[in-house]
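Observations on the three-dimensional arrangement
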Amino acid sequence: MTRLLSPFRRARAALAALAIGAVLAGCSLVPDTQPVVTYDLGPAVATTAATPAAATPLPPLRVFPTDGPAWLDGNAIYYRLHYAQAERLQPYATQRWVMSPVRLFDERMREAISARGALGWTGDKATPALKVDLLDFEQVFDSATASRGVVRARATVFRDGVVGQKTFVAEQPAPSADGAGGVKALAASSDAVVHAIMDWVATLPLR
């Protein structure tokens, strides 16, 4: 009788183990309940006019919508572990932009330009036009504790043909090695690129 019960007990123990495993597996599939935090670029930072170009008011400009790569179409905040996986872009799981970085940058640029000049009607072909393509917008980790916000954009000014084209890059250190720190660094880098574009446009023969 004992010999007959032992296999039964072993089978029952095995079934119990499988049931516990199934419960644990089910728990691991439960989605993360941590709330999603959203960010914008915060208040724009004014810069001191350190050069004649920075002090020069801008002529009226037609500003066309900013474009960017497909991976910037969503509202994910991307980071890159340059010290470990430099070829891989990764999104934060629970931190997002309120809209796509391309639109955030576009709004930032328009606000800055209108504060220093005037936004012209896009259909007025006599007014010079500015077109910006956002090329990079990411938090780059150089180590597990140090990162920077990298923004790279190409600006093209045209009126009856291309007047000038230039690529601008800004990198600002993040105050903390997380998404919140990356947001601050990217906001500062965005402001730096926007102001550099405006200073450059002020030097072009547009009047």
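Keep in mind the model is a prediction, meaning the values are calculated, not measured.

1. Examining the confidence of the model for the chain
Here the chain averages 84 in pLDDT, while 80% of its residues score no lower than 70. Across residues 1–5, where pLDDT falls below 50, the model places 0 contacts with residues more than four positions away in sequence or in other chains. Long-range and interchain partners of residues 7–31, a stretch whose pLDDT sits below 50, account for 0 contacts in this model, where long-range means more than four residues apart.

2. Description of the nonpolar core
Counting residues in hydrophobic clusters, the biggest one holds 40 residues, and the most contacted among them are Trp 97, Phe 105, Leu 130 and Val 201. At the level of secondary structure, the elements contributing two or more residues to this core comprise strand S3 (76–81), strand S4 (85–97), helix H3 (101–116), strand S5 (129–141), strand S6 (147–158), strand S7 (162–173) and helix H4 (179–202). Considering every element that reaches this core, the biggest residue donor is H4, with 10 residues. Residue contacts for Val 201: discarding those within four places in its chain leaves Leu 58, Leu 61, Leu 130, Val 157 and Leu 206.

3. A closer look at H3
For H3, which comprises 16 residues, the first-to-last C-alpha distance of 23 Å matches the rise-based estimate of 22 Å (1.5 Å per residue) to within 8%. Among all positions in H3, only Pro 101, Val 102, Leu 104, Phe 105, Asp 106, Arg 108, Met 109, Ala 112, Ile 113 and Arg 116 are buried.

4. Comments concerning unusual backbone geometry
Keep in mind that most residues, glycine aside, have a negative phi and that most peptide bonds are trans. Positive phi, normally seen in glycine, also occurs at Asp 160, with a value near 55 degrees. Locating Asp 160 in the fold gives a position in the loop between S6 and S7.

5. Some words on the pairing of S4
As paired strands, strand S1 (residues 37–39) and S4 are joined by 3 bridges and run parallel to one another. Note that in S4 the partner of Val 37 across the bridge is Gln 95. Two elements, S3 and S4, share 5 bridges in a ladder whose sense is antiparallel. Bridging from a neighbouring strand, Ala 76 pairs with Arg 96 of S4. Counting the residues that bridge the hairpin from S3 to S4 gives 3 residues.

6. Examining the packing of aromatic side chains
This model, assessed by the stated rule, comprises 6 aromatic pairs. On the basis of an interplanar angle of 85 degrees and a centroid distance of 6.0 Å, the ring pair of Tyr 79 and Phe 141 is categorised as edge-to-face. Taken together, the positions of Tyr 79 in strand S3 and Phe 141 in strand S5 put the pair 62 residues apart, joining distant regions of the chain. Of the residues examined, Tyr 79 reaches a relative accessible area of 16% and is grouped as buried.

Rules of the game
- Residues numbered from 1 in each chain as written.
- Predicted model: local features only at pLDDT ≥ 70, side-chain atom pairs only at ≥ 80, totals over all residues.
- Heavy atoms only, no water.
- pLDDT = per-residue confidence, 0-100.
- Contact = heavy atoms within 4.5 Å.
- Core = buried A, V, L, I, M, F, W, Y, C linked by side-chain atoms within 4.5 Å.
- Buried < 20%, exposed > 50% of the residue type's maximum accessible area, 1.4 Å probe, protein only.
- Helix = DSSP H or I, 4+ residues; strand = E, 2+ residues; numbered from the N terminus.
- Expected span 1.5 Å × (residues − 1).
- Pairing = 2+ DSSP bridges.
- Phe/Tyr/Trp six-rings, centres within 6.5 Å; stacked < 30°, edge-to-face > 60°.

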